[in-house]
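Inside the fold
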Amino acid sequence: MTTPRKGALVICGSTAWDFIGRGKRDASQEYPGPHVFGPMKTVNVAAAFTHCTAAHSVVVDDEGNAYTFGRNERGQLGDDAQKSRNDPHKVVIAEAKGDKFIKAAVGRGHTILLTESGKLFGAGDNRNQQIGNANRKDHTQFTVVADFRGRKVVDVACGGEFTLAVTVEGQVWSFGSPQYGQLGHGTNEETIAKANRITYEPQLPRQIMRLKDCKIVSVAAGTNHCLALDDTGGIYTWGMGGFGRLGLGHATDTMFPTEVPGFKDRNNSVTTIACGPACSMVIDGKDAVYLWGKWKNSGDGGDGQPWLRPRLFDGLMGWKIEGISLGGSALFAFSGTTTISWGQACQNGELGYGENKPRSSTVTAEVGALKGINTFGVACGAGHTLLIVDRENPNFSKLPVSTVPPSWVVKKGPETALSANRRRRMTFYFATVATQRFTYRVRD
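Described below are features of the structure shown in this document. (Residues numbered from 1 in each chain as written. Predicted model: local features only at pLDDT ≥ 70, side-chain atom pairs only at ≥ 80, totals over all residues. Heavy atoms only, no water.)

On to the overall build of the protein. The secondary structure content of the protein amounts to one helix and 32 strands. Looking at the protein residue by residue over its 444 residues, the buried ones come to 60%. (Helix = DSSP H or I, 4+ residues; strand = E, 2+ residues; numbered from the N terminus. Buried < 20%, exposed > 50% of the residue type's maximum accessible area, 1.4 Å probe, protein only.)

Given below as structure tokens:
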């Protein structure tokens, strides 16, 4: 999501970063309607990045500076701390001096930055080696992904606990958690550890050989599945298959990249790809949008009736869609001066409909406050949405400005048994969209 124009960062949803996705809410830190993000109201924004599992974000300005803000318990903001913050941290990396940041990718607890020269830097959770470092500890400062020295990277994407990188030659590399085959090497690296506990051996960067004969130009990742777009408009998918999120007509995990049929062979090659927790979406060469997987909780497209193959999404017919993004619950698209959102089970105002308006919707609806304002890009996260809009549009001045508190007064959640367990390095994973099964895992 990039633009050379004078973009302003707009936010809707929650800024209570430590509450998002954890059964807590703070209405005083929610923006159910679009607000100019106060801490960056004067910054010309070129790109914004977050992820469907993430409560933190990265913003890149028009001079190539990168800023991080949001949840930070794993050090994913790279500010040498582990405390959530609303005031964006300007990233400074000695090894990137004189280089510009052009892209970023965000996972549940990790962050990857990409420079103009093709270098990768990672920070945050590295327990599954998702920032490409053999040291399986949190990294609170950005460190170079050493395996890519001498290789120029042009695109990057993060899943919940893994990372994909594309080199200038169009080759794809993956690293991190292999649990559902999302690294694309044909295995989930399952082993039996002490006390007959199943573990999945984390992996350092490694080329996905099944794609070596393709020239990949773009990658996207959901919680545990992936999409790759080649230079002919074909798309390949792999990883967790539950709810049909791979678009292959079944709901089983797929360990190798597999082409999704029905696109380039039908003369409607794909131009844009996006992944959500359990769904995928693409724009084709005719500006039509296709969607598949589970994108709501009930009904057609929900738990019992997921879309196992790509379907032309009639909720966006009539618009020439330019960009898309899929968050934890929210789905967004934009077309010129029209911004559209929908999503079931949204709770924090991330759809942007406004005060005293529905928080959730199973049908597409325009974001009224942005009507008439050009949207240049959108990034949907967990409980929040970031948009880049035209600050030179006459209607821009009508948007309110957020008054998020500074970092030192970001509210913390009350002490709970679960948070205490986290401090003892125990994590519970429940049957959710992301996993579809109950597992109990103790981190080493």
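Ranked by size, the top nonpolar core spans 51 residues in total, and within it Ile 235, Val 282, Phe 332 and Trp 342 carry the most contacts. Residues in contact with Ile 235, not counting those within four places in the same chain, are Ala 228, Leu 229, Thr 258, Glu 259, Val 260, Phe 263, Val 270, Ile 273, Val 282 and Trp 292. (Core = buried A, V, L, I, M, F, W, Y, C linked by side-chain atoms within 4.5 Å. Contact = heavy atoms within 4.5 Å.)

Now for the pattern of salt bridges. When the charged atoms of two side chains lie near each other, side chains of opposite charge can form a pair. With the rule as written, the count across this model stands at 15 salt bridges. Between Glu 95 and Arg 149 there is a salt bridge, with its nearest N and O atoms 2.7 Å apart. Here the residue Glu 95 occupies a position in the loop between β6 (85-90) and β7 (101-106), and Arg 149 occupies one in the loop between β10 (139-144) and β11 (153-158), the gap between them amounting to 54 residues. Ionic contacts of the salt-bridge type, sharing partners, join the residues Arg 25, Glu 30 and Arg 359 into one network. (Salt bridge = Lys/Arg side-chain N within 4 Å of Asp/Glu carboxyl O.)

Our focus in this paragraph is unusual backbone geometry. The general pattern is negative phi for most residues beyond glycine and trans for most peptide bonds. A positive phi angle, near 60 degrees, is found at Gln 129, a position not held by glycine. With respect to the element layout, Gln 129 can be found in the loop between β9 (120-124) and β10. Positive phi outside glycine occurs at Ala 345, with the angle close to 70 degrees. One can find Ala 345 in the loop between β27 (338-343) and β28 (361-366). For Ala 345, a relative accessible area of 37% corresponds to the partly exposed category.

As enumerated under the stated definition, the model contains ten aromatic pairs in all. Considering the side-chain rings of Trp 295 and Trp 307, the 5.4 Å spacing of their centres and the 70 degrees angle between planes classify their relative orientation as edge-to-face. Within this pair, whereas Trp 295 is found in the loop between β23 (289-293) and β24 (307-312), its partner Trp 307 is found in strand β24, the two being separated by twelve residues in sequence. For Trp 295, a relative accessible area of 8% translates into the label buried. Note on Trp 307: relative accessible area 7%, which makes it buried. With a centroid separation of 6.5 Å and an interplanar angle of 50 degrees, the aromatic rings of Trp 307 and Phe 313 are classed as tilted. The class for Phe 313 is buried, based on a relative accessible area of 6%. What links up through ring pairs into an aromatic cluster is the set Trp 295, Trp 307, Phe 313 and Trp 342. When the ring centre of Phe 256 is taken as origin, the NZ or CZ atom of Arg 210, which lies over that ring, is 3.7 Å away. Just above the ring of Phe 243 sits the side chain of Lys 294; from NZ or CZ to the centre is 5.0 Å. (Phe/Tyr/Trp six-rings, centres within 6.5 Å; stacked < 30°, edge-to-face > 60°. Lys NZ or Arg CZ within 6 Å of the ring centre and 35° of its normal.)

Now for the environment of Gly 372. Structurally, Gly 372 can be placed in the loop between β28 and β29 (375-380). Taking the C-alpha atoms as reference points, Gly 372 and Gly 336, separated by 36 residues in sequence, lie 8.4 Å from one another. Ignoring any residue separated from it by four or fewer positions in sequence, one finds Gly 372 in contact with Thr 337, Asn 393 and Asn 395.

With that settled, the discussion passes to the state of the cysteines. For the coordinates displayed, the defined rule picks out zero disulfides. The closest cysteine sulfur to the non-disulfide-bonded Cys 226 is located on Cys 275, 7.0 Å from its own sulfur. Not part of a disulfide, Cys 380 finds its nearest cysteine sulfur in Cys 12, a span of 8.0 Å. With a relative accessible area of 2%, Cys 380 lands in the buried category. (Disulfide = S-S within 2.5 Å.)

This next bit is on the side chain of Asn 188. Summarising the element assignment, Asn 188 is placed in the loop between β13 (172-176) and β14 (190-192). On the basis of relative accessible area, Asn 188 is assigned to the buried category, the value being 17%. Polar contacts involving the side chain of Asn 188 include one to the main-chain amide nitrogen of Glu 190, which spans 3.2 Å. For Asn 188, the contacting residues outside a window of four places in its chain are Pro 178, Gln 179, Tyr 180, Gly 181, Tyr 200 and Met 255. (Polar contact = N/O pair within 3.5 Å; in protein donor to acceptor, adjacent residues only side chain to side chain.)

Mapping Ser 402 onto the fold places it in the loop between β30 (384-390) and α1 (417-423). Setting aside residues up to four positions removed in sequence, Ser 402 forms contacts with Tyr 31, His 35, Val 36, Phe 37, Gly 38 and Pro 39. Only 2.8 Å separates the side chain of Ser 402 from the backbone nitrogen of Gly 38, close enough to count as a polar contact.

So, about the environment of Gly 241. Assignment of secondary structure puts Gly 241 in the loop between β19 (235-239) and β20 (254-259). Under the relative-accessibility criterion, Gly 241 is labelled buried at 0%. It is 8.5 Å that separates the C-alpha atoms of Gly 241 and Ala 278, two residues lying 37 residues apart in sequence. Ignoring anything within four residues of it in the chain, the contact list for Gly 241 reads Leu 246, His 250, Ala 251, Thr 252 and Asp 253.

On to the sheet that holds β10, then. Ordered by their spatial adjacency, four strands build an open sheet running β7-β8-β9-β10, and the pairing between neighbours is antiparallel. Each edge of the open sheet carries a strand with a single partner, namely β7 and β10. For this sheet, the mean inter-axis angle between neighbouring strands, taken without regard to orientation, is 15 degrees. (Pairing = 2+ DSSP bridges. Axes fitted to C-alpha atoms, helices over the stretch in contact; angles between N-to-C directions.)

Read from one edge to the other, the open sheet built from four strands follows the order β21-β22-β23-β24, with strand pairing classed as antiparallel. Looking at which strands have only one partner, the edges of the open sheet turn out to be β21 (270-275) and β24. Between one strand axis and the next, the sheet turns by 15 degrees as a mean value, whatever way the strands run. Bridge count between strand β22 (residues 279-284) and β23: five bridges; the pairing is antiparallel. Bridged to Met 281 within β23 is Leu 291.

By themselves these figures say nothing about function.
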